[in-house]
Amino acid sequence: MSETILVTGGAGYIGSHACKALAESGYTPVTYDNFVTGWHDAVQFGPLEEGDLRDPDRLAAVLTRHQPVAVMHFAALSDVGAASRDPGLYWDNNVIGSLRLVEAMAAAGVENLVFSSTCATYGDQDGVMLDESCAQYPMNAYGASKRAVEDLIRNFAAAPGVVLNHVFFRYFNVAGADPDARVGEFHRPETHLIPLALDAVRGRRDKLTIFGQDYPTPDGTCVRDYVHVSDLIAAHILGLEHLLNGGASDVFNLGTGRGFSVREVVETVARVTGEPVPAVDGPRREGDCAALVSGSVKAAEKLGWKADHSTLEQMIATAWAWHQRPGYER
Ligand code: UFG
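The shown structure was predicted, so the numbers you read here are calculated from the model rather than taken from an experiment.

Analysis parameters
- Residues numbered from 1 in each chain as written.
- Predicted model: local features only at pLDDT ≥ 70, side-chain atom pairs only at ≥ 80, totals over all residues.
- Heavy atoms only, no water.
- Axes fitted to C-alpha atoms, helices over the stretch in contact; angles between N-to-C directions.
- Helix = DSSP H or I, 4+ residues; strand = E, 2+ residues; numbered from the N terminus.
- Parallel < 35°, antiparallel > 145°, perpendicular 65-115°, else oblique.
- Left-handed = near helix turned anticlockwise from the far one by under 90°.
- Contact = heavy atoms within 4.5 Å.
- Nonpolar A, V, L, I, M, F, W, Y, C, P; charged D, E, K, R; others polar.
- Near = heavy atom within 4 Å.
- Polar contact = N/O pair within 3.5 Å; in protein donor to acceptor, adjacent residues only side chain to side chain.
- Areas by Shrake-Rupley, 256 points an atom, 1.4 Å probe, with all protein chains shown as cover.
- Domains from an automatic or database assignment.
- Pairing = 2+ DSSP bridges.

K.L.:
Tell me about the packing of helix 4 (residues 87–108) against helix 5 (residues 141–158), and please be specific about residues and values.
P.N.:
With their axes 9 Å apart at the nearest point, helix 4 and helix 5 run at an angle of 20° to one another. Judged on the interaxial angle alone, helix 5 and helix 4 are roughly parallel. Seen along the crossing, helix 4 lies across helix 5 with a hand that is right-handed. On the side of helix 4, the interface is formed by Pro87, Tyr90, Trp91, Asn94, Val95, Ser98, Leu99, Val102 and Glu103, while helix 5 contributes Ala141, Tyr142, Ala144, Ser145, Ala148, Val149, Leu152, Ile153 and Phe156. When its residues are assigned to classes, the contact of helix 4 with helix 5 shows 14 nonpolar, 3 polar and 1 charged.

K.L.:
Please give an account of the site of the ligand that cites residues and values.
P.N.:
Near the ligand there are 22 residues, and of these Thr118, His192, Thr209, Arg285 and Asp288 occur at the shortest range. Between an oxygen atom of the ligand and a side-chain N or O atom of Tyr142, the distance comes to 3.0 Å. The separation between an oxygen atom of the ligand and a polar side-chain atom of Arg224 is 2.8 Å. Summarising the interface, the protein chains cover 93% of the accessible area of the ligand, which totals 670 Å² for the free molecule. Among the residues making up the shell around the ligand, the classes are represented as 13 nonpolar, 6 polar and 3 charged. Structurally, the shell around the ligand is a two-domain feature, drawing no fewer than three residues from each of domain 1 (4–174 + 227–254) and domain 2 (193–224 + 257–323).

K.L.:
So, the side chain of Thr221: which residues are in play, and what are the values?
P.N.:
Mapped onto the secondary structure, Thr221 falls in the loop between strand 8 (208–211) and strand 9 (223–224). Here the side chain of Thr221 touches Asp219 through a polar contact of 2.7 Å, side chain to side chain. Apart from the residues lying within four places of it in its own chain, the contact partners of Thr221 are Ile210, Gly212, Gln213, Tyr215, Ser261, Val262 and Arg263.

K.L.:
Run through the sheet that holds strand 4 (residues 70–73), naming residues and quoting values.
P.N.:
Strand order in the open sheet formed by 7 strands is 3-2-1-4-5-6-11, and the pairing between neighbours is parallel. Each edge of the sheet is formed by a strand with only one pairing partner; in this case those strands are strand 3 (48–50) and strand 11 (250–254). Sheet twist, expressed as the average angle between the axes of neighbouring strands with direction ignored, equals 20°. Two strands pair when backbone bridges link them, and strand 2 (residues 28–33) and strand 3 are joined in this way by 3 bridges, in the parallel orientation. Bridging from a neighbouring strand, Thr31 pairs with Leu48 of strand 3. Packed onto the sheet, helix 7 (residues 229–244) meets strand 1 (4–8), strand 4, strand 5 (112–118), strand 6 (165–171) and strand 11 and runs at close to 165° relative to strand 6.

Note that all results are geometric; they support no functional claim without further evidence.
Following this line, the structure appears as structure tokens:
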């Protein structure tokens, strides 16, 4: 019988790709999702349990029913701009939700946790290449909420009588879609650069606004390290198997080590789609760091991870195929 993995946020962008990869790797992914930002048609690869992380009774019932060997915890709000406007929402959903999850896991004896953290926990560090030993100075409530969850997981793992083996993945900018186009990125409202640029190309929005042109970067626009969602999820399977094989708790950056400016992304979208991107310059967005680029090869060295699909062209091409598929609008 295949082992069960509880996937919180399994109906979302990254969680649904995780469910697909888990099913393809012989696991049974059980999606736990409250559908605030998730989509029912993204749940295709295993059972669904609708619920909110802040509902302890529901969580306890789901863990008892499915007896997972591990949890992959993706469920979170992740809009940097919204987090700056409404920090309480981010602390409640992301931190309190994670606290309830970890408490439920401890009570049910579920000992393995793969947690979706973020490079936003590092904050702006004058353009240094970020590795896992860098101090964490989040610049917005989203990054702060994720750093707090890292702390709470470590605290539980160190508590007497609790076994909580964990891998934290600090994501850089996740992009692209499943090459089979069964799942992809779809947020409403959409706030991320590549899907917004593709929406502008397709005429779903008038234009893309480039947020800030006076950052201390080569062309003045923000620099980010983009990683393909398929590569990102391949690391999660490696991290899961590391834990299931008795590996020690650890933290890994997931990025390619190559940064691209907003302008470079926009130019690549135009090249890949063959269409101009209607773009205008606008003011900075609250909470944005100038540059976030991974300087780590730890996931490659310790987990054997390779980012094989993470050229900007591959990410934009798979996202573009997903955007053009019938039914994209939902
Ligand atoms: N941007 C624009 N115009 C837009 C949207 C975005 O110029 O309409 C810019 C942003 O200012 C930023 C870059 O494009 O410089 C990328 O922005 P995204 O919103 O696509 O991504 P973020 O970098 O804000 O955030 C993403 C994830 C977070 C993660 C973070 C780490 O959403 O979960 O990367 O940087 F933590």
